[in-house]
Amino acid sequence: MKATKRQYAYYTGMFMILVVALYGIFLLTGKSFIWEGDGLAQHYPILEKFYTWLHQGSLTGWSWDLGLGADKLTTFSYYVLGDPFSYLIAFFPKGRLELGYNLLILLRLYASGLAFLFFARQRSFKPASQLVGTLAYTFTGYSLYVSIRHPFFLLPMILFPLLAYGIDHVLSGKSWIPLAIFTGLALISNFYFAYILALGSLVYAVLRYLAIRQTVSLPHWRVLWQLVGAGLTGFLLAGVLFIPSLLGVLSSTRATANFANGYWLYPLNYYLRFPNAIITTGNPLQFWVNLGLSGLTFLALVFVLRHFRRYLWLNISLILLMVGVLLPAVAAVMNGGTTPSQRWLLLGCLAFSLAVMTFVDELPQLTRGDIATLIWSVLGLLIIVWAANGFIYNNHRHDFTMYGLLLLTLGVVIVGPLYQWTPRLWQMALLSLLGLNIVANGYGYFSPNSGGASQQLLARSVATKFQKNYYDGAQRFVKAQGGFHRSAISRYYYYATDAKTNMGMNLGTHDIMSYFSIQNGAIGDFSQAMDNSQFKMNKPINQADGRTTLNNLLGVRTIFARSNQLGIQAFPDGYRPVKRQGKRVTFRDQPVHDLGNNYNTVLLQSKYALPLAYLQTHQLNAAQFWQLNGVEREQALTTGALVAGGAHGVPTRTYHKQGRPIAYRVVQDDTTVLDSLKKVVTYRQQGNQNDAQLAQVTKSSLRKKNKDRSVNIRTGQARLKQLTRQNRQILRQNAKKNQHGLRQMTSDNQNNPVTYRLKVDRPQRTAHTELYLELDGIQAQRLSVADNYHGAKTTSAFSNTAYTGIQRLNVLRNALWRMSDGAYSMTVSSFHNVASFNQLGQTNLSDYQVKHRVLLNLGYSAKPRRTIKLTLKGGVKRLNFKSVKLVAVPFGKGYQQRLMQLKRQGLRQLTVRDNRVTGTTQASQASVLTTSIPYSSGWRLTVDGKAQATKRVNVGFIGARLAPGNHRIVLTYHTPGLRIGLFLSGVGLLILLVVGGSTWWYRRK
C-alpha cells in the first residue's frame, strides 16, 4: 500500500512541476486557455449556459435559447453533460467561470495520468518505468493540443486506460464489475467517444487475450460471457444519457455526411507532412494528426518493433495504427462513417506508453544490435523528413529543438552502458530529458515563438468581457419588450459574412444562430429546402442569409446592426431602426480587446415577423412545392402550409410565382489580365503588380528605391507575345461560353481569377425588390501542381525575373506541400450590399459538402441595381455553371397583407415556456396549425385536452390539422428516449447491486 501511495505521490509531484513549466508560459503571454475558434464559439459559452442550468436545477427538456430551440440533453451531451468534471464549474463564482474553465482542463489532464497509472500498476513493469510511461501518456502531443482546442477531448484519455484495466481484470479471473462501471462511464461521456472507445476496447481485448491466453485460468466461454455481460451492463447503466443522445445523433444534420469526404487515399502532401509530425508540435495540421511523440517514445517504438516476435501483440497493435494512419477509410470508420479525422489516434497513446514502459524496463539489457537499430532509426527519420521537405530542411526553428532532444535522448541511451550507469542514474537522466521534451512539446503549441497555436488563444478575461458586451448592452432593450420573438445579427456585424459564435444564447435574445456539433436534422432539411447559402451541418440556419421572408417565417423581429451600416448596407425589407421619442435608439460601443467591432449598436425591427404559432387556412401542393427554387418556396410558405402527408379538409392552393427573372449580359473585367505588351509594361512599372490600387500604395517606395527600374520588354519579347496571346485566347474562349449568360469563371495564365460583371438589361425591374443570384450545376476545377508550377513560371516571365533551377524546385516543393483541397470563396457585390459564399475544402472535417447549387441573397434595395460584380478566390482554376440567374422578388402590399393576416391568425394568449407552448385558436374552417418550432418526436399536442398527432409542416417544423371552431392548444415536450433510458439505467444499477452484493457476500462467506 505504501509503495502504491508513493507511486501516486511521485506522479503528482512530477505533474505539478511539469504543469508549472508548461502552462506557466500563459502568465508571460497573458493568454487564457480559450481558443478564439471553437473555444469562444462553443466551449466557453456552452460552459456558461451549463452553469446557469446547473443552478436552475434543469438539465433536460427544451430550451428556446439554443438557436430556434433545441433539446438540452441532446445538444449538450456532446460537450458537458457526460463529463463529470464539468459539474465542478457549479462551485465557481459566476464572475470566475474563465478561471474554472482553465482549472478544469488541468484537472482532466491530471486525471488522465492517474487513470493510466492505475492501469499500469496491474502490469509487471518496474515502478520507475510506470512513472515514465505515465508522464509520457499524460503529456502526449494529442493531450497538449486538445487542452487548448477541445478540452473535453481529454475524457477518452481518462477512460481508455480504465477500460483496459477492466478488461485485464476480467482476463485475470477477477470481477467484471469494474469493466461494467467504466463502460457505463464511457457511454455516458459522449456518443462519439463511446464509439471510438468501443472499437478500441474490442481490439485491445482481442490482442490482450491472444497475448496471455496461455495464462487465462477461466474457460474461454466464461471470459467471453463476462466481457459481453460487462458491456451490456455498462450499456444499461448509461441508458439515461446514451439513449437520448443516440436518438439525437441519428436524426441530426450529420446523419448524411459523405464517407471519408470522398477520399480513397489522402492527398500527397499529407504523406509528405506526416514524418515531420511524428515528434514535432506546433506545425499546421491536417486531418487531426496530433502525435508529438517524445524522443523516448520514438526510441521505445523502434525497440519493440525490432523485437517483433517477443512483443508480438503489442507490435500488431502498432501495425494496425500505422495502416490506419495511411488510409482515409479507416479514419472514417473510426469517426462513425463520416470524415477521415485522425482523432482516433488518441487510442494509440496507450500502446505508445506500453512501449515506453517496456523499453525502460529493458534498458540495462540493450545489445549492440539494439543500439545500432536505434541509431539508424533516428538517422532514417531525419533523412525521410529531409526528403519529404524536398531535400532541404526548411522546418520551423522549434522543430530543430525537438530533433535535438531526440538526439540527446539517443545519446543517453548510448552513453549509459559505456559508462556503466546505475539503473537509478539512467532513470533520472531519462526522466529529466523526458520532462524537458514534454515542456518543449507544449511550447510548440503554447509559445508565440514556436508556433501559430498560441496566436489563436484569447487574452485573459476577453472571453468573459465579450460574452457580456456582445450586443453592447442592446439585449436589455429587446428582453424588456413583451411576447416571444427571435433575433439575428446583421451580416458583417462582427466583420464576417456569417455568425461564428453562440454568445447570443446566454443573453436571452433568442438568436436564431446556433453552432453545435449536433443539430436537429429537421432544421437542416428546412434550411436546405430554402436553398440557404449559409447552411452548414453545425450551423444550419446561421443568419438566414439576411433574407426578408426567411426571417419573417422564423419570427425574427429584431436585427442587431452596427451604427455605421445604416445607409450603406442592405437589410431585409421592412426592418426599420428602432426609435424612442423620435430619436434612433443607439447603444454605445463597449469595446473588447481584439474582438469588438468598434461601433455603436442599433436595433432594426419588423412588424411582419410571424408569431411562433399561427393558423394557415390553405395547404400547398407538395409536388408543385418541390419543383420550385428556394426563393419561390419561401414565398409559397406565406400563402399556405406544406403538410407532410397532407391535411384532410384543408383547401389546397396552387402557388403563383412571385420572382422576376432579370436579364443580364456578362462583361469580363480584363484590367488585371496581361493580354498585351502595353499591360506588361504597366505591370512592371507598378512593381510587378496587376492591381493599380495596390500599386499606388507602393508608388512612392518604387520612386525612391527603384529610380532606374527597367521596363524594357525587348528581351524575351517572343515569349511575352506568346503569353499575352495565350491570355487573349483564354478571354475569347471564355467570352464565347458566356454569350448567353454566365457559364464559366476562369483564371488567366498566372492563375489569377478573372473578375466578372453582370450588367442588368433593365435595372428598374430590380428596384423595390430583394435580388438573388442563383448558381446551378457548379463544377469546380482545382488548381493542380502543374497549374501552380506553370503559373509561377509565367509570372516570372512577366516580371522579367530569372526562373532558375532552384526557384523551380522551390515552386514545386510549395505546390506539393500546399496542394489545393478545392476550397474557394465567391464574393458578389451590388448596390449597398456585399454577399459571399464559401466552398469548404475536402480536408475540412466539420462541414465539408460539395456545393452544386447556391442561392445568394444580394439584398433589398428601393433603388435599381445596374451591375453585379463577381470575384473568385481560392484553390480553383475555374468554375463551370449549368446556369446563373438573377431573380428579383418584390415585397408589395400583397406580401405585407398576407403576413399581417397570418399574424392575426396567430395563437391568442400565446404563452411560451421551456417544454410548454399554449394558446387558443378560432377558425371557421379546417386549418393547419403552423409553427416555427423545430420538429421533434418529443413534442406532444393536446387540443381541448385530447391528444392529437403532430405533423411535420413547412419541411422542418411542428404542426397539426385543426378542425373548425375554438380550441385550446397545448404543446408539451419530453426528451425522446429519456424515459426508456432511465428505465435501462435503473435495470443496470439493479444488476450491478445484485451481482456486486452477491460477490461480496460469497467472498465474505
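Residues numbered from 1 in each chain as written. Predicted model: local features only at pLDDT ≥ 70, side-chain atom pairs only at ≥ 80, totals over all residues. Heavy atoms only, no water.

*Asks:* Please explain empty space enclosed by the protein as it appears in this structure.
*Replies:* Vacant regions in the atomic arrangement are exposed by a probe of water-molecule size rolled over the atoms. Overall, the coordinates contain eight cavities of 30 Å³ or more when judged by the stated rule. Put simply, the largest cavity is a space of about 170 Å³. Here the lining of the largest cavity takes three residues from strand β23 (residues 853-861), the largest share from any one element. The residue inventory of the lining of the largest cavity, partitioned by class, reads seven nonpolar, 10 polar and three charged. (1 Å grid on protein atoms, 1.4 Å probe; cavity = no way out; pocket = protein on both sides within 12 Å on 5 of 7 lines; lining within 4 Å. Points joined across faces, edges and corners; volume = space filled by probe spheres on them. Helix = DSSP H or I, 4+ residues; strand = E, 2+ residues; numbered from the N terminus. Nonpolar A, V, L, I, M, F, W, Y, C, P; charged D, E, K, R; others polar.)

*Asks:* Teacher, can you tell me more about the sheet that holds strand β24 (residues 867-874) here?
*Replies:* Hydrogen bonding along the main chain pairs the strands of a sheet, whether they run parallel or antiparallel. The strand order across the open sheet built from five strands is β16-β18-β24-β21-β22, with neighbouring strands paired in antiparallel fashion. Every other strand in the sheet has two partners, leaving β16 (664-669) and β22 (833-839) as the edge strands with one partner each. Along the sheet, successive strands turn relative to each other by an average axial angle of 20°, direction set aside. Pairing of strand β18 (residues 755-760) with β24 involves four bridges; the strand directions are antiparallel. Across the sheet, the residue bridging to Tyr-756 is Leu-870, located in β24. (Pairing = 2+ DSSP bridges. Axes fitted to C-alpha atoms, helices over the stretch in contact; angles between N-to-C directions.)

*Asks:* Where do I start with the packing of aromatic side chains in this structure?
*Replies:* Each aromatic ring pair is specified by the distance between its two centres and by the angle formed by the two planes. Per the stated rule, a full pass over the model turns up 65 aromatic pairs. With a centroid separation of 5.6 Å and an interplanar angle of 65°, the aromatic rings of Tyr-79 and Phe-152 are classed as edge-to-face. Of this pair, Tyr-79 sits in the loop between α4 (72-76) and α5 (97-120) while Phe-152 sits in the loop between α7 (141-149) and α8 (155-171), and the two are 73 residues apart along the sequence. In terms of burial, Tyr-79 and Phe-152 fall into one category: buried. Taking 5.7 Å as the distance between ring centres and 80° as the angle between the ring planes, the aromatic pair formed by Tyr-263 and Phe-287 counts as edge-to-face. Remark: Phe-287 occurs in the loop between α13 (268-277) and α14 (295-306) and Tyr-263 occurs in the loop between α12 (239-250) and α13; sequence separation between them is 24 residues. For the pair Tyr-263 and Phe-287, one class covers both residues: buried. (Phe/Tyr/Trp six-rings, centres within 6.5 Å; stacked < 30°, edge-to-face > 60°. Buried < 20%, exposed > 50% of the residue type's maximum accessible area, 1.4 Å probe, protein only.)

*Asks:* Would you mind showing me how to read the nonpolar core here?
*Replies:* Most often, soluble globular proteins have nonpolar side chains that are buried together. Tyr-23, Phe-76, Phe-139 and Phe-359 are the most contacted members of the largest nonpolar core, which totals 182 residues. Two domains each donate at least three residues to this core, and these are domain 1 (2-35 + 82-253 + 267-455) and domain 2 (470-609). What Tyr-23 contacts, discounting residues up to four positions off in sequence, is Leu-18, Phe-33, Leu-106, Leu-109, Leu-144, Ser-147 and Phe-446. Among the nonpolar cores identified, the runner-up in size contains 47 residues, and Ile-523, Ala-561, Val-631 and Val-643 belong to it. (Core = buried A, V, L, I, M, F, W, Y, C linked by side-chain atoms within 4.5 Å. Domains from an automatic or database assignment. Contact = heavy atoms within 4.5 Å.)

*Asks:* What is the right way to read the layout of surface pockets from this model?
*Replies:* As a volume, the second largest pocket reaches approximately 880 Å³. Taken together, 34 residues form the lining of the second largest pocket, with Leu-207, Trp-313, Leu-314, Ser-317 and Leu-354 sitting closest to its centre. When contributions to the lining of the second largest pocket are tallied by element, the ones reaching two or more residues are α10 (191-212), α15 (312-326), α16 (328-334) and α17 (348-362). Of the residues assigned to the lining of the second largest pocket, the class counts are 22 nonpolar, seven polar and five charged.

*Asks:* How should I be thinking about the side chain of Asn-738 in this particular structure?
*Replies:* By the secondary structure assignment, Asn-738 is in the loop between α29 (717-737) and β17 (744-745). When sequence neighbours within four positions are dropped, the list of residues in contact with Asn-738 reads Val-666, Arg-743, Gln-744 and Tyr-756.

*Asks:* How do you make sense of the sheet that holds strand β29 (residues 927-934) when you look at a structure like this?
*Replies:* With respect to topology, four strands assemble into an open sheet ordered β12-β29-β33-β32, the strand pairing being antiparallel. The sheet is open, and its two borders are formed by β12 (613-616) and β32 (951-953), each paired with just one other strand. The mean angle between the axes of side-by-side strands here comes to 40°, regardless of whether they run parallel or antiparallel. Summarising the sheet, β32 and strand β33 (residues 957-962) pair through three bridges and their orientation is antiparallel. Within β33, the residue paired with Lys-951 across the bridge is Gly-959.

*Asks:* Can you walk me through the UniProt feature "coiled-coil region" (unreviewed entry) in the protein chain in this structure?
*Replies:* Taking the UniProt record as the reference, the feature "coiled-coil region" (unreviewed entry) is found at residues 713-740. As annotated, residues 713-740 has a helix share of 75% and a strand share of 0%, and its two end C-alpha atoms lie 38 Å apart. (UniProt positions renumbered as here; feature names shortened; annotations may be inferred.)

*Asks:* Please clarify how the packing of helix α3 (residues 38-56) against α5 should be interpreted in this entry.
*Replies:* Helix-helix packing: each pair is described by the crossing angle between the helix axes and the interaxial distance. Contact geometry of α3 with α5 gives a least axis separation of 11 Å together with a crossing angle of 110°. When the axes of α3 and α5 are compared, the pair comes out roughly perpendicular. Contacts between α3 and α5 involve Gly-39, His-43, Tyr-44, Leu-47, Glu-48 and Tyr-51 from the former and Leu-97, Glu-98 and Tyr-101 from the latter. (Parallel < 35°, antiparallel > 145°, perpendicular 65-115°, else oblique.)

*Asks:* I'm lost on the environment of Glu-774 in this one. Help?
*Replies:* With respect to the helices, strands and loops of the structure, Glu-774 is situated in strand β19 (residues 769-776). Separated by 467 residues in sequence, Glu-774 and His-307 have C-alpha atoms that sit 63 Å apart. Apart from residues lying up to four places away in sequence, Glu-774 is in contact with Asn-629, Arg-853, Val-854, Leu-855, Ser-883, Val-884 and Lys-885. One polar contact links Glu-774 to Arg-853, side chain to side chain, over a distance of 2.8 Å. (Polar contact = N/O pair within 3.5 Å; in protein donor to acceptor, adjacent residues only side chain to side chain.)

*Asks:* I would appreciate a short explanation of the pattern of salt bridges in the present structure.
*Replies:* A pair can form between side chains of opposite charge whenever their charged atoms are brought close. Across all of its chains, the model carries 14 salt bridges by this definition. The salt bridge partner of Asp-669 is Arg-757, with a shortest N-O separation of 2.7 Å. Taken together, the positions of Asp-669 in strand β16 and Arg-757 in strand β18 put the pair 88 residues apart, joining distant regions of the chain. Among the residues examined, Arg-757 registers a relative accessible area of 25% and is labelled partly exposed. Linked through salt bridges whose partners overlap, the residues forming this network are Asp-531, Glu-774, Asp-776 and Arg-853. (Salt bridge = Lys/Arg side-chain N within 4 Å of Asp/Glu carboxyl O.)

*Asks:* When you look at the domain arrangement of the protein chain in this model, what are you seeing that I'm missing?
*Replies:* It is common to give the size of an interface as the accessible area that goes away when the parts come together. You can read the domains of the protein chain as domain 1 (2-35 + 82-253 + 267-455), domain 2 (470-609), domain 3 (611-656 + 891-974) and domain 4 (664-689 + 713-760 + 769-890). Inter-centroid distance (C-alpha atoms) of domain 1 to domain 3 is 53 Å.

*Asks:* Can you walk me through the environment of Arg-547 in this structure?
*Replies:* Take Arg-547: it is sitting in the loop between α23 (521-529) and α24 (548-553). Its relative accessible area of 0% is what places Arg-547 among the buried residues. Put simply, Arg-547 and Leu-109 are 438 residues apart on the chain and 45 Å apart in space, counted from C-alpha to C-alpha. Filtering out sequence-adjacent residues up to four positions away, Arg-547 remains in contact with Met-530, Asp-531, Asn-532, Pro-572, Gly-630, Val-631, Glu-634, Glu-770, Tyr-772, Leu-855 and Asn-857. Of note is the side chain of Arg-547, whose polar atom sits 3.2 Å from the side chain of Glu-634.

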